[in-house]
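A structural walkthrough
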Amino acid sequence: MEITKTKSQEAEAATVNEESKKTAIIAYITFIGLIIAFLMNNDKKLKFASYHIRQSLGLCITGLALSIIGVIPILGWIINMLGIFVLLYMWIVGLMNAINEKEKSVPILGKKYEKWFKNV
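Residues numbered from 1 in each chain as written. Predicted model: local features only at pLDDT ≥ 70, side-chain atom pairs only at ≥ 80, totals over all residues. Heavy atoms only, no water.

All right, on to the overall build of the protein then. Helices and strands together make up the secondary structure of the protein, namely five helices and zero strands. Secondary structure elements of the protein, listed N to C terminal, follow the sequence α-α-α-α-α. The 120 residues of the protein split such that 33% are buried. Put simply, 62% of the contacts in the protein that link residues at least 6 apart link residues at least 24 apart. Summed over all atoms, the accessible surface of the protein reaches about 8,100 Å², with 69% contributed by carbon and sulfur. (Helix = DSSP H or I, 4+ residues; strand = E, 2+ residues; numbered from the N terminus. Buried < 20%, exposed > 50% of the residue type's maximum accessible area, 1.4 Å probe, protein only. Contact = heavy atoms within 4.5 Å. Areas by Shrake-Rupley, 256 points an atom, 1.4 Å probe, with all protein chains shown as cover.)

Structure follows, in structure tokens:
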């Protein structure tokens, strides 16, 4: 027995996918975008959007930790500068994954973000 979808069901699935993609992309646009994406996804709990919200939250917290380390003279500054470039690379990869509709973690810390924020 073959299950067929009606056109309205297919359109609804495409809309959810498109909405999920938009929410995931918004999550990567600064901390404000992360809050907006979280609020947009709060009621619907779209799986794809939630995944990228968790990844973006991890990147924001990592950035905050880097800024705290940057307060330490000399060594902290060096770690901060190197960390910013690594964080920028991770952010670009995460954003590109959201744009390309891939549920793939960001490099280096992405798997940790999945574990740490699994309840978000």
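Moving on from the coordinates now.
Moving on: helix α4 (residues 75-99). Helix length check: α4, at 25 residues, gives a terminal C-alpha distance of 36 Å against a target of 36 Å (1.5 Å per residue), a fit within 8%. Buried within α4 we find G76, N80, G83, L87, M90, G94, L95, N97 and A98. E101 sits one or two residues past α4 and shows a positive phi near 60 degrees. (Expected span 1.5 Å × (residues − 1).)

One number sums up the size of the largest pocket: a volume of about 160 Å³. What lines the largest pocket is simply A27, Y28, I29, T30, F31, S56, L59, C60, L87 and W91. The set of elements that each furnish at least two residues to the lining of the largest pocket consists of α2 (30-41), α3 (47-69) and α4. The biggest single contributor to the lining of the largest pocket is α3, with three residues. Of the residues belonging to the lining of the largest pocket, the class tally is eight nonpolar, two polar and no charged. (1 Å grid on protein atoms, 1.4 Å probe; cavity = no way out; pocket = protein on both sides within 12 Å on 5 of 7 lines; lining within 4 Å. Points joined across faces, edges and corners; volume = space filled by probe spheres on them. Nonpolar A, V, L, I, M, F, W, Y, C, P; charged D, E, K, R; others polar.)

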